[in-house]
Amino acid sequence: MNEAIHPPIDPNEGYVTEDGRRIGGVVMEMKHITLRFGGVEAIKDISFDIREGEIRAIIGPNGAGKSSMLNVISGFYNPQEGEVWYKGQIRKPMKPFQVARQGIARTFQNIALFEGMSVLDNVMTGRLNHMKASFLDQGFWWGKAQREEVENREKAEQIIDFLEIQAIRKTPVGRLPYGLKKRVELARALAAEPQILLLDEPMAGMNVEEKEDMSRFILDVNDEFGTTIVLIEHDMGVVMDLSDRVVVMDYGKKIGDGTPDEVRNNQEVIDAYLGVSHD
Amino acid sequence: MPDQLIWAMEVTLNGLMTGVMYALVALGFVLIFKASGIFNYAQGVMALFAAMTLVGIQEGRIPFAHLINEIFGTEIHHFGWHVPALLAILLTVVVMIGFAWAVQRFIFKHLVGQEPIILFMATIGLAYFLEGVSDLMWGSEIRTLDVGLPQGINGWIDNTTFDVFGYGFFIDNLDISASIVAAILVAGLILYSQYTKNGRAMRAVADDHQAALSVGISLNYVWVLVWSLAGIVALVAGIMWGSKSGVQFSLSLIALKALPVLMLGGFTSIPGAIVGGLIIGVGEALFEFAIGPMIGGATENWFAYVLALVFLVFRPQGLFGEKIIERV
Ligand SMILES: Nc1ncnc2c1ncn2[C@@H]1O[C@H](COP(=O)(O)OP(=O)(O)OP(=O)(O)O)[C@@H](O)[C@H]1O
Ligand SMILES: [Mg+2]
């Protein structure tokens, strides 16, 4: 899709994609990240950057370390070595909730929803960081607290409309089929109005139609809200269609980084995928 | 109406009032268990500690006076002032929040991800430690607690029931006020968890830790919050029980009555704790009334457990089981 366009060398310089989306400078940079679990090196000295407004894919065979990388970005794992730079500043080791408060939202490969809550409640919980009124405020300034509740509610409803899940807004999430759960999880992440959205295999286990819907939503989110998206996906067709740039991982190492076309023609990447099972 | 039936009604009413107390203690357990999976054995001792602290503050006692006197050879015991009940309650709440913070900071922060049995053991340790701290701070004598709640037989109920049945029910004013306070507390907790930012965070953490983290909730903060709320619930239970029978060690044993309530109501359900508490309260009172005299009395000591066990066999998930899990 974006074959002809190549991002500029200068990290601060933006560019316009072939389909007319405006991509900014580098917003996040991973520098020489190494992550170990005991003896296992899940990530080996990986560096790459993420530009504002782009869709950045991370691909690789099973166990390559993709989810681990997403967990490093979202603060669920802290790497033993390397630096994370966000908005031009080095990021100290952080707890996941602190990262979330910096405007980085995520979904999980294995879905982590509030199973006991309704869809609407799940999405509302995604707005927690936009709720300010403390308990005392709520006691003393009832009006203010109510106005805030109404605003957050409206925003949540907008996102529910956007993702076309109005019909199930009152349904407890635990009762939903897998495909819809994935969509609710995206809704909750979007409710935070994140600057960066991390999606770990948002289409895994979906049928073709559901995948098409999800692809459309991801493109729409990126296009309408200008949200930067980091996407892990196994389906090559989807990756090549959606993403502006791709990082390829294998056995914890980075073996490719560039536009979908560059990556597709990279011999090391082709080798890594030959004979390696992935779904 | 036959006398037996009228007495049974009176017994039922009194059982309900006792049940409210059980429900309160069980509620403290549920709050912490839902949010952190910790079964807090120390809940009963927290009620004792809270009540002791309240009396101590009210009477202007100097905390750790015994220790201070030992070390410095002094003879101080009182500040020489009395603190009004309401202010003393507020100060005790502050102490309980400080306690919650310390428990999280010094114990459970270091035990994140441990097996439930380890966490449970830690709360047993905490219970005995807190009992010791309570002794050291305020001494171990029995204290009378009076925060100005009405006491004695309720005249209105006595008269009304006398007019209707020709027999006046004996219902203690203290039990009535305890029930009202408990109802307000529970309503407040439910509103808090449903409609405030913190309440929403609490429910989120109770449901899924990972998901909660991903939307920007600090688990640590929520855990201090639920321990604080459990501390406040313990204070209320301590006030009610303490006003009735004095503040003494046996107060911490009401926690043992919360166990069958939890078996009945489920460990994660607030409505379960309340209904379970009432069922146990009424059940044991009626059993003692009807069967007790035939088998030598004192059935209150064990009946609750038998009831809960029978119940457990037929509904292991508790009264409300899965269905209400999502509601704090
Ligand atoms: N919490 C953990 N503890 C121990 N090892 C882990 C942990 N998380 C990941 N690993 C290991 O790190 C390596 C990379 O795993 P990761 O989940 O990041 O791969 P992935 O690329 O996301 O794979 P998949 O496509 O199957 O999701 C694997 O060897 C895995 O076993
Ligand atoms: Mg993965």
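Residues numbered from 1 in each chain as written. Chains lettered and ligands numbered in written order. Predicted model: local features only at pLDDT ≥ 70, side-chain atom pairs only at ≥ 80, totals over all residues. Heavy atoms only, no water.

Comments concerning the overall build of chain A
So, step 1. Within chain A, the secondary structure is distributed over ten helices and twelve strands.
So, step 2. For chain A, whose C-alpha radius of gyration is 19 Å, the value lies close to the compact-globule estimate of 19 Å for 279 residues.
So, step 3. Once the C-alpha set of chain A is aligned to its principal axes, its extents read approximately 65 × 45 × 40 Å.
So, step 4. In chain A, which comprises 279 residues, the proportion classed as buried is 54%. (Helix = DSSP H or I, 4+ residues; strand = E, 2+ residues; numbered from the N terminus. Rg over C-alpha atoms; globule rule 2.2 N^0.38 Å. Buried < 20%, exposed > 50% of the residue type's maximum accessible area, 1.4 Å probe, protein only.)

Comments concerning a nonpolar patch on the surface
Residues and elements named next belong to chain B.
So, step 1. Together, Ile291, Met294, Ile295, Trp302, Val306, Val310, Val313 and Phe314 make up an exposed nonpolar region whose accessible area comes to about 830 Å².
So, step 2. As for its position among the elements, Val306 is in helix α13 (residues 300-314).
So, step 3. Looking at Val306, the relative accessible area reads 38%, which means it is partly exposed. (Patch = residues over 30% accessible without salt bridge, like charges linked within 9 Å, V, L, I, M, F, W, Y side chains within 5 Å. Areas by Shrake-Rupley, 256 points an atom, 1.4 Å probe, with all protein chains shown as cover. Salt bridge = Lys/Arg side-chain N within 4 Å of Asp/Glu carboxyl O.)

Notes on the domain arrangement of chain A
All names here are of chain A.
So, step 1. Structurally, chain A comprises domain 1 (1-103 + 194-279) and domain 2 (117-192).
So, step 2. On a C-alpha basis, the centres of domain 1 and domain 2 stand 27 Å from each other.
So, step 3. In this complex, domain 1 contributes 20 residues to the contact, which on the side of domain 2 involves twelve residues.
So, step 4. With both sides pooled, the region where domain 1 packs onto domain 2 buries about 1,300 Å², and carbon together with sulfur makes up 69% of that total.
So, step 5. A per-residue breakdown of the area domain 1 buries against domain 2 is headed by Pro194, Met214 and Phe217, which together make up 35% of the total.
So, step 6. Between Arg216 and Glu164 there is a salt bridge whose closest N-O contact spans 3.5 Å.
So, step 7. Counting across the interface, domain 1 meets domain 2 through three residue pairs in polar contact (both at pLDDT 80 or more).
So, step 8. Within the residue set of the side of domain 1 that touches domain 2, elements represented by two or more residues are α2 (96-101), β9 (196-200) and α7 (208-225).
So, step 9. In terms of residues, the side of domain 1 that touches domain 2 owes the most to one element, α7, which gives nine residues.
So, step 10. Residues belonging to the side of domain 1 that touches domain 2 are distributed by class as follows: eleven nonpolar, one polar and eight charged. (Domains from an automatic or database assignment. Contact = heavy atoms within 4.5 Å. Buried area = accessible area lost by both parts, 1.4 Å probe. Polar contact = N/O pair within 3.5 Å; in protein donor to acceptor, adjacent residues only side chain to side chain. Nonpolar A, V, L, I, M, F, W, Y, C, P; charged D, E, K, R; others polar.)

Section: the site of ligand 1
Residues and elements named next belong to chain A.
So, step 1. Taken together, 13 residues sit near ligand 1, with Gly63, Lys66, Ser67, Ser68 and Gln109 positioned nearest.
So, step 2. Tyr77 places a polar side-chain atom, nitrogen or oxygen, 3.0 Å from a nitrogen atom of ligand 1.
So, step 3. Isolated, ligand 1 exposes 640 Å² of accessible area, and the fraction of that covered by the protein chains is 63%.
So, step 4. Among the elements that take part in the shell around ligand 1, helix α1 (residues 66-73) stands out by supplying three residues, more than any other.
So, step 5. Considered class by class, the residues forming the shell around ligand 1 number four nonpolar, seven polar and two charged. (Near = heavy atom within 4 Å.)

Some points on the pattern of salt bridges
So, step 1. A complete count under the given rule lists 26 salt bridges over all chains for this structure.
So, step 2. Residues Arg245 of chain A and Glu54 of chain A are paired through a salt bridge, measuring 2.8 Å at the closest nitrogen-oxygen approach. Of this pair, Arg245 of chain A sits in strand β11 (residues 245-250) while Glu54 of chain A sits in the loop between β4 (40-51) and β5 (55-59), and the two are 191 residues apart along the sequence.
So, step 3. Residue class for Glu54 of chain A comes out buried when judged on its relative accessible area of 0%.
So, step 4. With its nearest N and O atoms 3.1 Å apart, the salt bridge here joins Arg143 of chain B to Glu141 of chain B.
So, step 5. Take Arg143 of chain B: its relative accessible area is 8%, and that puts it in the buried class.
So, step 6. The network of salt bridges with common partners includes Asp49, Glu54, Arg56, Arg245, Lys254 and Asp257 of chain A.

Section: unusual backbone geometry
Residues and elements named next belong to chain A.
So, step 1. Phi angles above zero are rare outside glycine, and His32 is one such case at about 50°.
So, step 2. In this fold, His32 is placed in strand β3 (residues 26-37).
So, step 3. One non-glycine residue with positive phi stands out, namely Asp45, at about 50°.
So, step 4. Structurally, Asp45 can be placed in strand β4.

Some thoughts on the pairing of β3 of chain A
All names here are of chain A.
So, step 1. For β3 and β4, the ladder comprises eight bridges, and the chain directions are antiparallel. Note that in β4 the partner of Val26 across the bridge is Arg51.
So, step 2. Connecting the antiparallel pair β3 and β4 is a turn made up of two residues, with Gly38 showing a positive phi of about 55°.
So, step 3. Alignment of β3 against strand β6 (residues 81-86), held across five bridges, turns out to be antiparallel. The residue of β6 that forms the bridge with Met28 is Tyr86. (Pairing = 2+ DSSP bridges.)

Description of the coordination of the magnesium ion (ligand 2)
So, step 1. Within the first shell, the magnesium ion (ligand 2) binds the protein through Ser67 of chain A (OG) and Gln109 of chain A (OE1), at distances of 1.9 to 2.1 Å. Note that Ser67 of chain A is positioned in helix α1 and Gln109 of chain A in the loop between β8 (104-106) and α3 (119-125), a separation of 42 residues in sequence. (Donors = N, O, S within 2.8 Å, 3.2 Å for Na, K, Ca; no water.)

Quick word on the nonpolar core
The nonpolar side chains of a soluble globular protein tend to be buried with one another.
So, step 1. Of all hydrophobic cores here, the largest spans 131 residues; its most connected members are Leu163, Leu197 and Ile218 of chain A together with Ile217 and Trp227 of chain B.
So, step 2. Among the elements that line this core, the one with the most residues is helix α10 (residues 219-245) of chain B, at 17 residues.
So, step 3. Composition of this core by domain shows at least three residues from each of domain 1 (1-103 + 194-279) and domain 2 (117-192) of chain A.
So, step 4. With sequence-adjacent residues up to four places away left out, Ile217 of chain B is seen in contact with Phe97, Arg101, Thr125 and Leu128 of chain A together with Ala201, Ala204, Val205, Ala212 and Val222 of chain B.
So, step 5. Core analysis: the next-biggest nonpolar cluster, separate from the first, contains 27 residues, Met30, Ile43, Ile73 and Val247 of chain A among them. (Core = buried A, V, L, I, M, F, W, Y, C linked by side-chain atoms within 4.5 Å.)

Examining the side chain of Lys182 of chain A
Residue and element names in this part refer to chain A.
So, step 1. In this structure, Lys182 sits in helix α6 (residues 178-191).
So, step 2. Buried within the structure, Lys182 lacks any salt-bridge partner; its nearest side chain of opposite charge belongs to Glu185, at an N-O separation of 5.1 Å.
So, step 3. Every residue in contact with Lys182, bar those within four places of it in the chain, is listed here: Phe108, Gln109, Ile111, Asp200, Glu201, Pro202, Ala204, Met206 and Met214. (Lys, Arg positive; Asp, Glu negative; His and termini not counted.)

Focus: the packing of aromatic side chains
So, step 1. Going through the model one piece at a time under the given rule, you end up with 17 aromatic pairs over all chains.
So, step 2. Measuring from ring centre to ring centre gives 5.5 Å for Phe76 of chain A and Phe108 of chain A, while their planes differ by 85°; the resulting arrangement is edge-to-face. On the criterion of sequence distance, the pair formed by Phe76 of chain A in the loop between α1 and β6 and Phe108 of chain A in the loop between β8 and α3 is long-range, its members being 32 residues apart.
So, step 3. Ring geometry for Phe165 of chain B versus Phe169 of chain B: centroids 5.7 Å apart, planes at 10°, classification stacked.
So, step 4. Through a chain of ring-to-ring contacts, three or more aromatic side chains come together here, namely Phe29, Phe33, Phe39, Tyr41, Phe120 and Phe267 of chain B.
So, step 5. In this structure, Arg106 of chain A is placed above the aromatic ring of Phe76 of chain A, and the distance from its NZ or CZ to the ring centre is 4.9 Å.
So, step 6. Across the ring face of Phe108 of chain A, the terminal group of Arg106 of chain A is positioned such that the distance to the ring centre comes to 4.0 Å. (Phe/Tyr/Trp six-rings, centres within 6.5 Å; stacked < 30°, edge-to-face > 60°. Lys NZ or Arg CZ within 6 Å of the ring centre and 35° of its normal.)

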